[in-house]
4 protein chains.
Amino acid sequence: MDTSRTRDIESHSVRLRDLRRDFHRFAEPGWCEFRTANKIISALQGAGWKIALGRQVISPSVRMGVPAAEELQKWFERAAADGVDTSLLAKMEGGYTAVVGTLQFSQPGPTIAVRFDIDANYGTEACHSGHRPAHEQFASSHRETHHNCGHDGHAAIGVELARQLSELRSELCGEVRLIFQPAEEGLRGAKSIVAAGVLDGVDMVMGCHIGVQALQTGEIICGYANILASLKIDANFSGKSTHAALSPHLGHNALLAACTATMNLYASSQHGEGETRLNVGILSAGTSRNTVAGQAFLAAEVRGETASIVEYLETRANEVLRASAEMYGVRVEINRVGASCAATSSPEAVSVIRRASAACPNVRIVRDVCDFRACDDVAEMMNAVQKQGGKAVYFGLGSELSDAHHGTTFDFNEDCLLIGTNVFLNAILELAAKRQ
Amino acid sequence: MDTSRTRDIESHSVRLRDLRRDFHRFAEPGWCEFRTANKIISALQGAGWKIALGRQVISPSVRMGVPAAEELQKWFERAAADGVDTSLLAKMEGGYTAVVGTLQFSQPGPTIAVRFDIDANYGTEACHSGHRPAHEQFASSHRETHHNCGHDGHAAIGVELARQLSELRSELCGEVRLIFQPAEEGLRGAKSIVAAGVLDGVDMVMGCHIGVQALQTGEIICGYANILASLKIDANFSGKSTHAALSPHLGHNALLAACTATMNLYASSQHGEGETRLNVGILSAGTSRNTVAGQAFLAAEVRGETASIVEYLETRANEVLRASAEMYGVRVEINRVGASCAATSSPEAVSVIRRASAACPNVRIVRDVCDFRACDDVAEMMNAVQKQGGKAVYFGLGSELSDAHHGTTFDFNEDCLLIGTNVFLNAILELAAKRQ
Amino acid sequence: MDTSRTRDIESHSVRLRDLRRDFHRFAEPGWCEFRTANKIISALQGAGWKIALGRQVISPSVRMGVPAAEELQKWFERAAADGVDTSLLAKMEGGYTAVVGTLQFSQPGPTIAVRFDIDANYGTEACHSGHRPAHEQFASSHRETHHNCGHDGHAAIGVELARQLSELRSELCGEVRLIFQPAEEGLRGAKSIVAAGVLDGVDMVMGCHIGVQALQTGEIICGYANILASLKIDANFSGKSTHAALSPHLGHNALLAACTATMNLYASSQHGEGETRLNVGILSAGTSRNTVAGQAFLAAEVRGETASIVEYLETRANEVLRASAEMYGVRVEINRVGASCAATSSPEAVSVIRRASAACPNVRIVRDVCDFRACDDVAEMMNAVQKQGGKAVYFGLGSELSDAHHGTTFDFNEDCLLIGTNVFLNAILELAAKRQ
Amino acid sequence: MDTSRTRDIESHSVRLRDLRRDFHRFAEPGWCEFRTANKIISALQGAGWKIALGRQVISPSVRMGVPAAEELQKWFERAAADGVDTSLLAKMEGGYTAVVGTLQFSQPGPTIAVRFDIDANYGTEACHSGHRPAHEQFASSHRETHHNCGHDGHAAIGVELARQLSELRSELCGEVRLIFQPAEEGLRGAKSIVAAGVLDGVDMVMGCHIGVQALQTGEIICGYANILASLKIDANFSGKSTHAALSPHLGHNALLAACTATMNLYASSQHGEGETRLNVGILSAGTSRNTVAGQAFLAAEVRGETASIVEYLETRANEVLRASAEMYGVRVEINRVGASCAATSSPEAVSVIRRASAACPNVRIVRDVCDFRACDDVAEMMNAVQKQGGKAVYFGLGSELSDAHHGTTFDFNEDCLLIGTNVFLNAILELAAKRQ
């Protein structure tokens, strides 16, 4: 390990912070990351990466949970108003916001993919001065979304890693693909990128997450096991509205159907064969106080340690949703809008991260594999690579957090960004250093 | 009864239809009836009525359920864009959208008030061709609101009545006040009009509703008894959002608090001393599927035959809302956003309507007093007038309906509009005919 | 009115109290009133009444809500152990516990029926000294039942009335039938008595209830209107029990199905056309804490102002029960176990009670007809008599109460018993006094 | 390994089956195992074991979830009627039904404890002929309880093991304690046995469970990890009963409070740090259909991978129960009636079982440690022994099952009993074979 190189990387700490804060300020939800993608493309092109985007890297029929046309349009126009180049935007129109940068080295060698998710969540960021992004003026300028899962940091690492790798080009062999994935939230994006062939021929895929199970800056979990499988479903209830006092008996109350579904979904979340999660994250019903609500919408998700647990939970969810609708003479339409399989890091890949971490001067704690206890559709990419004989690792990038993930005051220690870049770089150097 | 006059009125059927359809097409929600009010004002001024509006006829501190500033602004701007005169709009700014027209006759006599409610409901009107407003192209042009309670018809009757009375000016004594009330839906408007003194000195107040208990055109219910008392409440739940898989135990689930509140509100609606109603018309919670919802909103209402029943229901609602919040460590803020007392038509006033109805050639069925089985804040005006020794009547204007009130395909038989105008006119002629 | 007679009746106040307390002490539930019936029979026979009982006065196929054989057996054996004559018991075996006493007068005249309900409720009576029956040692000696609806008082009035009428035999014409009805609670008994022909040929049927809407001793409500129609249903849920930790996903949770049914039944109780009631009075599920409950039972009832409201509520109840079961893959068996129609007192019969009340020196307040706001299957007898051209009245016998009906500390003022006897007697004297 | 000994053991297969079926036929619930204990004592005494029982081996103040006096009395009398010796019964009076047999060998050596749980569950066993215990006439003769968790098998193994060890007495050193524990269901018994000092000085404690994660006869799981921690709670709701139609507003509905608590307990069962379970196994409310239920009872349990998860779940359960009660103006009394810690088998002890299993000719599959995914209060004994420096193992005894544990048709393959006896015997022989 050449420590001068490490020091060199450290000096770029400011750049990482600025990148992250820019992504944070212009948080965009899944499939709407037009401005974010543009920023990534500019930086990668500047560093000599070959760019693939749009339908080249996303299989249209496999995309899940794409927002309504008007929502896509809103963000498309915002990006245009923010000065994103029109011809570029055209390639992403309809929400094809993935970016894959490729750097091919002269000498043959392994194909390494690194994945960064780039989308924000819906919800309103805290605006009080106790929340650093607000205090330091980089809070989301979009009231309806914000980065409260660290993807702004992931994207920043990806961009900086591109710059570093470009500088080290002469020392490397094989090929590196940097995959900037939209719509991780809701597990909507990875499947369609895999289906587009982006992982074909990859020998090793890597990814990381900030602050999951690792809550100190300088701590690395060398690989996650048991990334949970998950399924995301939307339910639309259509009943019959009526005057709440004159004729409640003529209504078919979609609001009550949705409440009953919610309570009973939560009551149906246990399985004897392993860990599960169930959440109803959005419920929206009715338009008028004195009207029996004729319409309701509910967004739910289930997760489990195994595919068969998730299958069970889906069956139960469907039973509960249908019976709740029937109870009120209401119709329900159920749509799968996101999904991801379970995955576990490959032991060999975990070892690579262990060594790469140990070689970072600012890494203080190197921890062994532990359970992820959540989902990430990086699992789809891991499985795809593992199936074709390659290795996969998803590691934990430690950071203190100011709030739980998805909280309104979520923030992380930006010092972790340099560490993350460092670990990826060291790993790639180990795997793809030119044989002399 | 001069039948030539009646025939005369009949010839104005088309005008009534056109008025109603115009109001229908430009449906505006409570406190946002800027364009509707403007249309009424123009017509009344043209017919020589003295107009009072804005804060002259609405007591600001007594208004309830006023929408957020941005909602008010949206409708204000729409009205401006539709060409409503700026100086007039200025008088209504902030949602002061009531209009009171006064016609004072030369000879002293009784003061008679007639009340028309003019607001639409939130909700989206059906757009299929089986729905006449859609088929005949007068469906609401505002996606978020529509007239599905007949107030467009009430307003049309009021405008036409103004025209007729103006023509009969020389035959009348005393004073007539036509009160065009905003925000009846949610029982938000009447109290503030009463508090502004608009009913002071009134000897008789009248009003009507289309299609309540009377479902045939040509049918009149001469007065409603037992208009229910009601209270409208909003509940805002503030919990703590968190990642639904990594840390559900760190969240405070406002969505579950709101669902539990809803189920238990409905379970707490019975009273041994009389009829009750309870509805949760809107529930909206959460912003992100994979986040424990930190925020929820619920709009509820209770109704009862007596003030003490409504008091009981309010107490129960507060208990249920507070305990549901506490169950999840969530804060709840409860606001009263609408209210109206119970009322019953005065027997003497019922007799006036009976005679006025019998004198209409197109009235075929004259029915006795029956229970209203719902609320209308005309009750506040009725009570105010009855308290000062006057009489009050709220009568039923029969019409076939294509759907229950507040349904998405609500429509009525426009022939009833002429009948309604007729009944009011006959009643006023009986009460205020110049003594010769 | 012969006041010496009234004074005479007053002297029997003690007897009424003793009778009531005896019935109270040996409270028996519906269809199990073996000892109660025996006591009534003894008294009536002693006073010269002709007795009909058992299947003579109950149509077996029309009985509803008959307890399980072992429950019937338990009370049968208790009565036997308490010394009830075996041959008499044999006639009532299987729960045929109605008693009809007939007194035929020599001269022809009207046939008058008076109905007294005699059953107690399940539940445990309060035993603290603040509860008079406990303090004065006449609380129910049966832990599982007690008289908390006043039927002990009704039965006492009936027995005393029998004695009085017997003494006045020479002054009367026509025929009097005293109907002592089992199983009013749950509306299980009256239909089968009507079906047995007990009301055939009756010109006037009367009944009364203690303390309903009338809360002062000395107050009489001359007739109830709007006795609600009702339906009683039992639901048995059969799911699949399983180990709650090892295999919750293999269970079909009947306890959750029953809870969901309960919450949603309460949420489905409103109707735009009139007053309703809905109650789930018993819910019993599961046998073992660490087992997913495979069985659940629920006892519910609905009530409404009209037959069509009750039909609606039954339909809704079935929908809710079935969908709740389906939601958990549970079977549900729904049984109708009680029912009664709506009824209203006949105006002519109300007038009789008004005069009879006015003639009682200890009646201080004679109130006009008011709504009953509850059910009583006396309605079935009223309807039967009204249909055959006769008259019917169900009146209110005022009394202070120490708790609401069906409360654990329910008690009434025993002075009302004499008043009740008095009113019935006066009414019969008016209707059946021998024409001289 | 001396195979002649193994063959010898095999010949005792019939005895094991008979023992098991006798325990099955006379299933007794926790703290009521009077007859079961008697049977065990007789057998052990016959084989020369020293017996300790009653308060000698149970610390009274630490017992949890002891049934009501009348329930204890019922089973006590049943046992007496079945011929259990009165002087023995006297020692167990009040539910002190644990039995500890000790065999001290002449030569010093290790102290080994083996634990067998002996209680049955509440619930009614299936009686159709497809259920082998019914078909072969050894189904529970007690309608209210049955062995559907295999404790009848565990107890049989213990008795047979006692007989075998007694025969091998001359070959062994140290001391063996066989602990027959009451009230494992509900985790009520182990703590009080530990507190009585029964595990003091123990170097190795062993136990097994039939059919958990191991579903083939001949399969052994050499040790369970992650036996879940658990807490059992009872909640008693006291509201106010009232007439459901006349005065529902005067009631405080304990049934609705309990239903709401149930739904929301299930909705509060997730934790981000590991597996959880929550069950409401019993809900019982109300006594009368037409009465608002004034009383309700609910039996619940929570489980989790760690003590802190269980603490969280207890806090949430208390919040939910209290808020549900408050919602209806109902009081709630919450009692902890069972508890057990988490535990994991000691690696050294697992190795002993691995070798003992491998040496059994009828063991075909020897599996490594796996998660237990449930609770067993053997964990309290394991922890106690591990704390004092000893080792502990809880292993899986494979068997096909005819239903899930706690199902109404649960049964196992009795061939596993001989295998279980064998494994324990081999383990003890390894640990305590006399050094020659």
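So, here is what we can say about the structure in this document. (Residues numbered from 1 in each chain as written. Chains lettered and ligands numbered in written order. Predicted model: local features only at pLDDT ≥ 70, side-chain atom pairs only at ≥ 80, totals over all residues. Heavy atoms only, no water.)

1. Section: the interface of chain A and chain C
Argument step 1. Contact with chain A, which involves 23 residues of that partner, is made by 23 residues of chain C.
Argument step 2. With both chains or domains summed, chain A and chain C bury close to 1,800 Å², and 54% of this area falls on carbon and sulfur atoms.
Argument step 3. On the chain A side of the interface with chain C, the three residues burying the most area are His249, Asn264 and Met327 of chain A, jointly 34% of the side's total.
Argument step 4. On inspection of chain A and its partner chain C, the count reaches 8 residue pairs in polar contact (both at pLDDT 80 or more).
Argument step 5. Looking at the side of chain A that touches chain C, the elements with two or more residues in it are α9 (254-266) and α10 (307-327) of chain A.
Argument step 6. In terms of residues, the side of chain A that touches chain C owes the most to one element, α10 of chain A, which gives 8 residues.
Argument step 7. Here the side of chain A that touches chain C is built from residues that sort into 10 nonpolar, 9 polar and 4 charged. (Contact = heavy atoms within 4.5 Å. Buried area = accessible area lost by both parts, 1.4 Å probe. Polar contact = N/O pair within 3.5 Å; in protein donor to acceptor, adjacent residues only side chain to side chain. Helix = DSSP H or I, 4+ residues; strand = E, 2+ residues; numbered from the N terminus. Nonpolar A, V, L, I, M, F, W, Y, C, P; charged D, E, K, R; others polar.)

2. Remarks on the relation of the copies chain A and chain C
Argument step 1. Superposing chain A onto chain C takes a rotation of 180° combined with a translation of 0.1 Å along the rotation axis, leaving an RMSD of 0.1 Å. Such a combination of turn and shift is consistent with a two-fold rotation axis. Every residue of chain A has its C-alpha some distance from the rotation axis, and the shortest such distance is that of alanine 323 of chain A, at 2.6 Å.
Argument step 2. Looking at the interface residues of chain A, 100% of them are also at the interface in chain C, so both copies use one shared face. (Least-squares fit on C-alpha atoms with pLDDT ≥ 70 in both.)

3. Some thoughts on the relation of the copies chain C and chain D
Argument step 1. With an RMSD of 0.0 Å, the operation that places chain C on chain D is a rotation of 180° combined with a shift of 0.0 Å along the axis.
Argument step 2. Comparing interface residues between copies, 100% of those in chain C also sit at the interface in chain D, which points to an isologous, same-surface contact.

4. Quick word on the environment of serine 269 of chain C
Residues and elements named next belong to chain C.
Argument step 1. When you line up the elements, serine 269 lands in the loop between α9 (254-266) and β12 (276-285).
Argument step 2. When the C-alpha atoms of serine 269 and arginine 21 are compared, they prove to be 38 Å apart, with 248 residues separating the residues in sequence.
Argument step 3. From its side chain, serine 269 meets the backbone oxygen of tyrosine 266 in a polar contact 3.2 Å long.

5. Thoughts on the interface of chain C and chain D
Many structure descriptions define interface size as the accessible area lost when the parts assemble.
Argument step 1. Across the contact, 58 residues belong to chain C and 58 residues belong to chain D.
Argument step 2. When the buried area of chain C at its contact with chain D is split by residue, Leu246, Arg289 and His406 of chain C rank highest and sum to 17% of it.
Argument step 3. One can count 4 salt bridges joining chain C with chain D.
Argument step 4. Lysine 240 of chain D is the salt-bridge partner of aspartate 403 of chain C, the closest N and O atoms lying 2.6 Å from each other.
Argument step 5. Linking chain C to chain D there are 32 residue pairs in polar contact (both at pLDDT 80 or more). (Salt bridge = Lys/Arg side-chain N within 4 Å of Asp/Glu carboxyl O.)

6. Side note on the packing of aromatic side chains
Argument step 1. A complete count under the given rule lists 32 aromatic pairs over all chains for this structure.
Argument step 2. On the basis of an interplanar angle of 70° and a centroid distance of 5.5 Å, the ring pair of phenylalanine 372 of chain A and tyrosine 394 of chain A is categorised as edge-to-face. Taken as a pair, phenylalanine 372 of chain A in the loop between β17 (370-371) and α12 (378-387) and tyrosine 394 of chain A in strand β18 (residues 391-397) lie far apart in primary sequence, 22 residues in all.
Argument step 3. An aromatic cluster of three or more residues is present, and its members are Phe116, Phe180, Phe395 and Phe424 of chain A.
Argument step 4. Between arginine 63 of chain A and the ring centre of tyrosine 96 of chain A, over which it is positioned, the NZ or CZ distance is 3.7 Å.
Argument step 5. A cation over a ring is seen here: arginine 20 of chain B above phenylalanine 412 of chain B, with NZ or CZ 4.1 Å from the ring centre. (Phe/Tyr/Trp six-rings, centres within 6.5 Å; stacked < 30°, edge-to-face > 60°. Lys NZ or Arg CZ within 6 Å of the ring centre and 35° of its normal.)

7. A word on the sheet that holds strand β12 (residues 276-285) of chain B
Argument step 1. An order of β15(A)-β10(A)-β14(A)-β12(A)-β12(B)-β14(B)-β10(B)-β15(B) is seen for the 8 strands of this open sheet, with the pairing classed as antiparallel. Across the chains shown, the open sheet's two edge strands, defined by having one partner strand only, are β15 (331-340) of chain A together with β15 (331-340) of chain B. The average angle at which neighbouring strand axes cross in this sheet is 25°, direction not considered.
Argument step 2. Note: strand β10 (residues 229-238) of chain A against β15 of chain A, 9 bridges, orientation antiparallel. Looking at β15 of chain A, one finds that isoleucine 233 of chain A is bridged to arginine 336 of chain A.
Argument step 3. Across the sheet, α10 of chain A is in contact with β10, β12 (276-285), β14 (295-304) and β15 of chain A; its angle to β10 of chain A comes to roughly 10°.
Argument step 4. The strands touched by helix α10 (residues 307-327) of chain B within the sheet are β10 (229-238), β12, β14 (295-304) and β15 of chain B, with β10 of chain B carrying the most contacts at an inclination of about 10°. (Pairing = 2+ DSSP bridges. Axes fitted to C-alpha atoms, helices over the stretch in contact; angles between N-to-C directions.)

8. A short note on the pattern of salt bridges
Argument step 1. Considering all chains together, one arrives at 136 salt bridges over all chains under this definition.
Argument step 2. With a closest N to O distance of 2.9 Å, arginine 115 of chain B and aspartate 377 of chain B form a salt bridge. You can see arginine 115 of chain B sitting in strand β3 (residues 107-117) and its partner aspartate 377 of chain B sitting in the loop between β17 (370-371) and α12 (378-387), a full 262 residues away along the chain.
Argument step 3. The salt bridge involving glutamate 301 of chain D is made with lysine 232 of chain D; its shortest N-O contact spans 2.4 Å. Pair noted here: glutamate 301 of chain D is in strand β14 (residues 295-304) and lysine 232 of chain D is in strand β10 (residues 229-238), with a separation of 69 residues, a long-range link.
Argument step 4. Since its relative accessible area comes to 1%, lysine 232 of chain D is described here as buried. (Buried < 20%, exposed > 50% of the residue type's maximum accessible area, 1.4 Å probe, protein only.)

9. Things to note about the side chain of threonine 217 of chain C
All names here are of chain C.
Argument step 1. Inspection of the secondary structure puts threonine 217 in the loop between β7 (204-210) and β8 (219-221).
Argument step 2. In this structure threonine 217 comes out as buried when scored by relative accessible area, which is 10%.
Argument step 3. At 2.5 Å, the side chain of threonine 217 forms a polar contact with the side chain of glutamate 400.
Argument step 4. At a separation of 3.1 Å, a polar atom in the side chain of threonine 217 contacts the side chain of asparagine 413.
Argument step 5. Once you skip the residues sitting within four places of it in the chain, threonine 217 turns out to touch Arg364, Gly398, Ser399, Glu400, Asn413, Asp415, Cys416 and Ile419.

10. Side note on the sheet that holds strand β16 (residues 365-367) of chain A
All names here are of chain A.
Argument step 1. The strand order across the open sheet formed by 8 strands is β1-β2-β6-β3-β7-β18-β8-β16, and the pairing between neighbours is mixed. The open sheet is flanked by β1 (50-53) and β16, the only strands paired with a single partner. Across the sheet, the mean angle separating the axes of adjacent strands is 20° when strand polarity is ignored.
Argument step 2. Strand contacts of helix α11 (residues 347-358): β7 (204-210), β8 (219-221), β16 and β18, with the helix running at about 40° to β18, the strand carrying the most contacts.
Argument step 3. α12 contacts β3 (107-117), β6 (173-181), β7 and β18 of the sheet and is inclined by roughly 150° relative to β18.

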